[in-house]
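# Inside the fold
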Amino acid sequence: MDDAFRRDGNESSVRNGPHPVKIAPKRRLPDALIIGVKKGGTRTLLTFLQKHPQIVANSDELHFFDKDANFSKGLEWYRKQMPAARPDQVILEKTPIYFPSLAAPERIYDSIPNVKLILIVRDPIVRLVSDYLHEKIHYRKTWSLEEAVTNTAQNGSLAVIENRNILKLSLYDEAYSRYMKFFKPEQMLILSGEKFIRDPWVELEKVQSFLGVRQAIRKENFYFNPEKQFMCMRSTGVNGFCMGDNKGRKHPKVAQKVYQVLKEYFTPSVNRFALLSQSSFCNEWLHGEV
């Protein structure tokens, strides 16, 4: 493992004339937020970034800006949930529901207006299927994917059930528009979930540049795990750091009639999001591969 992955001590030094002064780590509000999307790769992204010596994070999803009960606890409570960090370290917090939340954009802007925002998105149908599988396994839902997102009209055709949450979470254009009202484009980094799966170091290089930390995570820090069928990170001296078995699950086959209804439903949203965010990778989406 590259020496860059080895964390420095718990204190940093600054010069005060000829003598270095030790600065103890302190808790402060986050410098950057991973705001979404749910089932887009946010947990893997955070876990990989936590291996960087200049990045520290709270591993829990705090839901401070989207839940009224947590937001009412105040910024001081939120600050205390953060890990202590040196001045040269970046503090991250990840809660994927910040992105679709109606309240979060304004609350984040009012609280930490200069914060950097990281958004990782993927094909909206693939995200939906992953979310459906998660709900089915964790909450023992018995419905099929077709039952979860569509119903049959009187003429026998399928129609999308628009008020279903797993559908709404894939409408990226609506959520992105809300953030545009408060934040400058240069404050938000948008990553491709598909590229992150294929070549995670490419997207991680973008994140490291965006956060202003050194490029400590590189291509040579990854290897392909043939059993899990995705990229894993080389831990310090050990060829074996991978996400758990609940990541990279095999998706159920989507019936063609269901896929076509979903494609028609999501196409306007994808086109608008691509235009608003200037994300050319959206051209990979909605091509029948789930």
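Cut-off values and rules
- Residues numbered from 1 in each chain as written.
- Predicted model: local features only at pLDDT ≥ 70, side-chain atom pairs only at ≥ 80, totals over all residues.
- Heavy atoms only, no water.
- Core = buried A, V, L, I, M, F, W, Y, C linked by side-chain atoms within 4.5 Å.
- Buried < 20%, exposed > 50% of the residue type's maximum accessible area, 1.4 Å probe, protein only.
- Helix = DSSP H or I, 4+ residues; strand = E, 2+ residues; numbered from the N terminus.
- Salt bridge = Lys/Arg side-chain N within 4 Å of Asp/Glu carboxyl O.

### Concerning the nonpolar core
In this structure, Leu33, Tyr98, Ile108 and Tyr179 are the most contacted members of the largest nonpolar core, which totals 52 residues. Of the residues forming this core, the biggest block, eight residues, is contributed by helix 11 (residues 256-277). By size, the runner-up hydrophobic cluster in this structure holds 26 residues, among which are Phe196, Trp201, Ile217 and Met233.

### What to know about unusual backbone geometry
Cis peptide bonds are those with omega within 30 degrees of zero, and the linkage from Gly36 to Val37 qualifies with 0°. Within the secondary structure, Val37 sits in the loop between strand 3 (32-36) and helix 1 (42-49). Not every positive phi belongs to a glycine, and Lys39 is a case in point at roughly 60°. Residues other than glycine seldom take positive phi values, yet Leu286 does so here, at roughly 60°. Within the secondary structure layout, Leu286 lies in the segment after helix 11. For Leu286, a relative accessible area of 5% corresponds to the buried category.

### Examining the pattern of salt bridges
Applying the stated criterion across every chain, the model contains 13 salt bridges. Here Arg79 makes a salt bridge to Glu76, at a shortest N to O gap of 2.3 Å. Here Arg79 and its partner Glu76 are both found in helix 3 (residues 75-80), three residues apart, which amounts to about one turn of the helix. Looking at Arg79, the relative accessible area reads 25%, which means it is partly exposed. Glu76 gets classed as partly exposed once you look at its relative accessible area, which sits at 41%. Among the charged side chains, a network of salt bridges with common partners joins Lys38, Arg127, Asp131 and Glu135.

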